[in-house]
Amino acid sequence: MTLETLLAQPTAQVADPRLTSIIAAVEAGEACPGVINLLVGSWLIQGRPVSSETFLQASFDSMCQSVLAVKQPRRSRISEAERVQRAQEAVAPGFAAVEAPEADPDTLCLVDVSLAASTGPSLHPPAIRVAASSVMAWWITDFEVREERARGTGVGVGVGVEFVYEV
């Protein structure tokens, strides 16, 4: 086998069997860790493992809440129960595409999620699914963020220079 052939072949990362056992336990309704931390690319993901069914329900409920959050005209005289019913009817067609007949044994579903990038914002989606094969590291213990001590003061200076040139 040549180096070119070897490099051209797709590389599939194998999921950690202990992580997939957590997925199986969650789907079966068995005891599992209450919070799990995942490192996926440059993202740190923390959430509560749940079944695929709970993931879908949490996603559906969140979408309904988004619809209900839209301000209604003052003249609207519909009851709250009818508003909820209309929101559910508006959201339901989109969920038909994501409802799977069986749980995926290689995908971890999380709710109460916090995603933090190494730089930039922190995101808090209501529910996410993470392919077990994309997880680079995971742990179930808590952790702390330690800040480095400043060893002095730093000063930043920016200078703008305009260059004019002719072609």
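This text goes with the structure placed above it.
Residues numbered from 1 in each chain as written. Predicted model: local features only at pLDDT ≥ 70, side-chain atom pairs only at ≥ 80, totals over all residues. Heavy atoms only, no water.

Explain the overall build of the protein chain to me, please; I cannot follow it from the model alone.
The helix and strand tally for the protein chain stands at 4 helices and 6 strands. Reading the protein chain from its N end, one meets helices and strands in the order α-α-β-β-α-α-β-β-β-β. Per-residue burial for the protein chain yields a buried fraction of 23% across its 167 residues. For the protein chain, contacts bridging at least 24 residues in sequence account for 66% of all contacts bridging at least 6. Accessible surface for the protein chain amounts to roughly 12,800 Å². Of this, 55% is attributable to carbon and sulfur atoms. (Helix = DSSP H or I, 4+ residues; strand = E, 2+ residues; numbered from the N terminus. Buried < 20%, exposed > 50% of the residue type's maximum accessible area, 1.4 Å probe, protein only. Contact = heavy atoms within 4.5 Å. Areas by Shrake-Rupley, 256 points an atom, 1.4 Å probe, with all protein chains shown as cover.)

Honestly, the side chain of Thr-107 in this entry has me stumped. Any pointers?
Tracing the chain through its elements places Thr-107 in strand 3 (residues 107-117). Judged by relative accessible area, Thr-107 falls into the buried class, the value being 9%. Ignoring anything within four residues of it in the chain, the contact list for Thr-107 reads Ile-23, Arg-129, Val-130, Ala-131 and Ala-132.

Please explain the packing of helix 3 (residues 52-68) against helix 4 (residues 80-95) as it appears in this structure.
Axes are the key here: two packed helices are described by the angle between their axes and the distance separating the axes. In contact at an axis separation of 9 Å, helix 3 and helix 4 are set at 125 degrees when each is read in the N-to-C sense. Comparing the axis directions of helix 3 and helix 4 gives the class oblique. Handedness of the crossing formed by helix 3 with helix 4: right-handed. Contact residues: Leu-56, Ser-59, Phe-60, Met-63, Cys-64, Val-67 and Leu-68 in helix 3; Arg-83, Val-84, Ala-87, Gln-88, Val-91, Ala-92 and Phe-95 in helix 4. The residue inventory of the contact of helix 3 with helix 4, partitioned by class, reads 11 nonpolar, 2 polar and 1 charged. (Axes fitted to C-alpha atoms, helices over the stretch in contact; angles between N-to-C directions. Parallel < 35°, antiparallel > 145°, perpendicular 65-115°, else oblique. Left-handed = near helix turned anticlockwise from the far one by under 90°. Nonpolar A, V, L, I, M, F, W, Y, C, P; charged D, E, K, R; others polar.)

Got a minute to help me understand the pattern of salt bridges in this structure?
A side chain with one charge can pair with a side chain of the opposite charge if their charged atoms come near. According to the stated counting rule, one finds 3 salt bridges in the structure shown. The closest approach of N and O atoms between Glu-82 and Arg-86, which form a salt bridge, is 2.9 Å. Taken together, the residues Glu-82 and Arg-86, both in helix 4 and 4 residues apart, mark about one turn of the helix. (Salt bridge = Lys/Arg side-chain N within 4 Å of Asp/Glu carboxyl O.)

I keep staring at the pairing of strand 1 (residues 36-40) and nothing clicks. Help me out?
The side chains of a regular strand alternate between both faces of the sheet. The buried fraction of strand 1 amounts to 4 of the 5 residues, a majority that puts the element mostly inside the structure. Note that strand 1 and strand 6 (residues 137-139) share 3 bridges and pair antiparallel. Bridge pairing links Leu-39 to Ala-137 in strand 6. (Pairing = 2+ DSSP bridges.)

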